[in-house]
Amino acid sequence: KEEEEPKKEEPKKAEPKKPEPSGPEKTLKVEIHSARGLRSGDALGSSQPYCIVEMAGKPQSRCNTGVAGNCAEDPSAPWWRETLEVKGCQTGDEMIFTVRDKDPIGGNLLGRISLSAEQVKAGFIGELQLLETDRVLSRKGICVGKGNNVEAFLLVKVEGMDPTVEDTAWYGALATKYASGVPLAISNSVKVEIVEARGLRNADWVGKQQPYITCEIEGKPETRSTSTLGDHPKDPKWNFTSQVAGYQLGDALLLTVWDQDIGKPDDMLGKATLTAEQLKSGFVGSVQLEGAGRSIEAFLYVKVGAKDPSLWDRAEVAATGAAQDGGIEMWAANSIKMEIISARGLSNPTERPLEKVGIKTKTKPYVIVQVADKDGNMKGGQSRFVTPEADSLEKAEWKHQMHVAGCHPGDTLVFTVRDDNVGNYSTAQDAANALLGHVTLNADLVKSGYMGELQLEEAGYNVEAFLKVRVEGRDPSPADDAWMASACAAHEAGGEPALRNSCKVTIMNAHNLRDADFWGTSEPYCMVQVKGKGERWSRWKTPNATNWKDPKWNHEMRVACKPGDALEFIVKDDDKGKMDDILGKVTLPADKVKDGIVAELELQDTGKKEGEPKAVLLVSVEGAEFDIVDRTVVAVQETQVVIEEEVKHVCCDIR
């Protein structure tokens, strides 16, 4: 069943504001050498291409070459070899190159590209791949012909606006190559080879789907390049190579798989993003597609040329490519492998719709796995994978393995347990009733790997429920691998599992509480909750005590919490028929929750009169298992508390 929840739009990333050009104006010398790969601008006859150069937003700086000297022989590869003087240049300016076909009226656009402010400042020599080169959609710059992308390039030499010593040395080396006719690198282009895909869903009810790929620089739809149609509906092969223009250092590459449809918009079959670091170092391997469909595990095999690789990058890409070509299945770069094993302590006290009319139903819990970014924003349906339903609530076992797509460095994993038999998700109340708990695996544990239990939040009032998972680390250290091997061995042997998002809390006793009841005496209990959360989030309580003034509980509980969570202890009087009276409360800061503490805490908001003995609460917090806890400090504190309790018993006769 597809779970219907309100779709939350991911917040749009604010683009950094470019600084305004500043400083004195300068005239730069720009040599327009030649172009290659231009389309024909005329349906009849040959094109007459020329090039316009200007600073962005400064039409007064515009100047242009004449018509190419060899346009009659080869209009697709014209040469000009003209030097222009571009006036009015300032620090922070971008430079725009536009190639047009000269016509009596107007003139068709053959391509356009810009140099960044950094490149203008340092100086530039080399080829630039042109954008907006397609005949049909040259205004939008989006190519729609399957495999018919126009790849055109412009060779230019630009004097630096304010080069450093290193820039000058680099410029001189390139000028030597330029003068001798040695081919120069294409700085603003990424070479992408689309090899194949596997595991695609079938989006067509009738007929056979025809998958193809679009490649574009993320956030720059005008750079889009389109592959040919694949040879298979679910496991297509393309072996299609394209140069994607518009690249700048720090850009990411978006790959999207589509099904070509006639008479309606094409269906998206999934997408994947290669990060800026992967483009810089080069990439050969598989990426798992996001948005491939509910629990669909689909993969895309691609090769991307490196833009600025180190020696280690070159060796790693070569080794990965050799392994992949040799038939060795490599782990997808943006995917994380995991197993949802089991759950215990689940509770769903909600009466189900059929039970209201006397029909008993059986709870069938299942788990949803989603990826959230470092800011906590859920990636929605793009990274959503679901287990089958377990047979029962009491013995919830799945042992379900999956690959979850879209998991990048810094991302977290969110596990949500729901009951499939509660409601139909048509109302918010049904959706709330169906929730059995959720928990987030933090980015550090996603990186290192984890095998063990996670305590569920929002599992119900005073409910301690746990989910057991195995998550293979994205980038584990040798120590992480050793820990993981030990944890897996303990799991196989039936040992006690690790528990990382929970702290053990013992409510020992309280002293000097007030009697809040007019008739009879108070029946105090202590409640623990994560500070600032709702009622269903993380709330546990002790049983009622009979000694109203100096109650003893010695009650142990497990409290689900995350790094940065503070715990609030609230002592109340259990009243029948009215709201419970507060006898005092105190907050334990997040650092004490993390490190662990055994201490007597002074209660606030006790309702006592000034001058009366202060009310205190004695608690032991073992420490949340986010990392290694200093057990030595906790052990010393526990010993001190035992001694203090004995002194009170002997000297003050407090029992």
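You'll find the structure just up there.
These remarks concern the structure in this document. (Residues numbered from 1 in each chain as written. Predicted model: local features only at pLDDT ≥ 70, side-chain atom pairs only at ≥ 80, totals over all residues. Heavy atoms only, no water.)

## Regarding the overall build of the chain
The helix and strand tally for the chain stands at nine helices and 33 strands. Here the chain, with 655 residues, has 49% of them falling under the buried criterion. Summing over all exposed atoms, the chain offers an accessible surface of approximately 32,600 Å²; the carbon and sulfur share of this is 52%. (Helix = DSSP H or I, 4+ residues; strand = E, 2+ residues; numbered from the N terminus. Buried < 20%, exposed > 50% of the residue type's maximum accessible area, 1.4 Å probe, protein only. Areas by Shrake-Rupley, 256 points an atom, 1.4 Å probe, with all protein chains shown as cover.)

## Focus: the pattern of salt bridges
In this structure the tally under the stated criterion is 20 salt bridges. Across the pair Lys576 and Asp574 runs a salt bridge, and its minimum N-O distance is 3.3 Å. A relative accessible area of 64% means that Lys576 is categorised as exposed. Here Asp581 makes a salt bridge to Lys578, at a shortest N to O gap of 3.2 Å. Ionic contacts of the salt-bridge type, sharing partners, join the residues Asp261, Lys264 and Asp267 into one network. (Salt bridge = Lys/Arg side-chain N within 4 Å of Asp/Glu carboxyl O.)

## Examining the state of the cysteines
Tallying each qualifying case throughout the model produces zero disulfides. Of all cysteine sulfurs in the structure, the one in Cys503 sits closest to Cys561, which takes part in no disulfide; the separation is 3.9 Å. Among the residues examined, Cys561 registers a relative accessible area of 0% and is labelled buried. (Disulfide = S-S within 2.5 Å.)

## Digging into the sheet that holds strand 26 (residues 502-511)
As a general point, the strands of a sheet are linked pairwise by backbone hydrogen bonds and lie either parallel or antiparallel. One open sheet holds the four strands; their spatial order is 29-26-33-32, and the pairing between them is antiparallel. Each having just a single partner strand, strand 29 (552-560) and strand 32 (597-602) make up the two edges of the open sheet. Taking each pair of neighbouring strands and ignoring which way they run, the sheet shows an average axis angle of 20 degrees. Pairing of strand 26 with strand 29 involves seven bridges; the strand directions are antiparallel. Its bridge partner lying in strand 29, Asn509 is registered against Lys552. (Pairing = 2+ DSSP bridges. Axes fitted to C-alpha atoms, helices over the stretch in contact; angles between N-to-C directions.)

## A short note on the side chain of Asp575
Mapped onto the elements of the fold, Asp575 is located in the loop between strand 30 (567-573) and strand 31 (581-588). From its side chain, Asp575 meets the backbone nitrogen of Asp581 in a polar contact 3.5 Å long. Residues contacting Asp575, with those up to four places away along its chain left out, are Asp517, Asp580 and Asp581. (Polar contact = N/O pair within 3.5 Å; in protein donor to acceptor, adjacent residues only side chain to side chain. Contact = heavy atoms within 4.5 Å.)

## Things to note about the sheet that holds strand 9 (residues 189-198)
If you trace the four strands from one edge of the open sheet to the other, you get 12-9-16-15, paired in antiparallel fashion. The sheet is open, and its two edges are formed by strand 12 (237-245) and strand 15 (283-288), each paired on a single side. Each neighbouring strand pair of the sheet contributes to a mean axis angle of 25 degrees, computed without reference to strand direction. Bridge count for strand 9 against strand 16 (residues 299-304) is six bridges, and the pairing is antiparallel. Across the sheet, residue Ala197 finds its bridge partner in strand 16, namely Leu300.

## What to know about the pairing of strand 15
The side chains of a regular strand alternate between the sheet's two faces. Among the six residues in strand 15, six count as buried, and that is most of the element. Of the strand pairs in this sheet, strand 15 and strand 16 are connected by six bridges, and their pairing is antiparallel. Across the sheet, the residue bridging to Gln288 is Phe299, located in strand 16.

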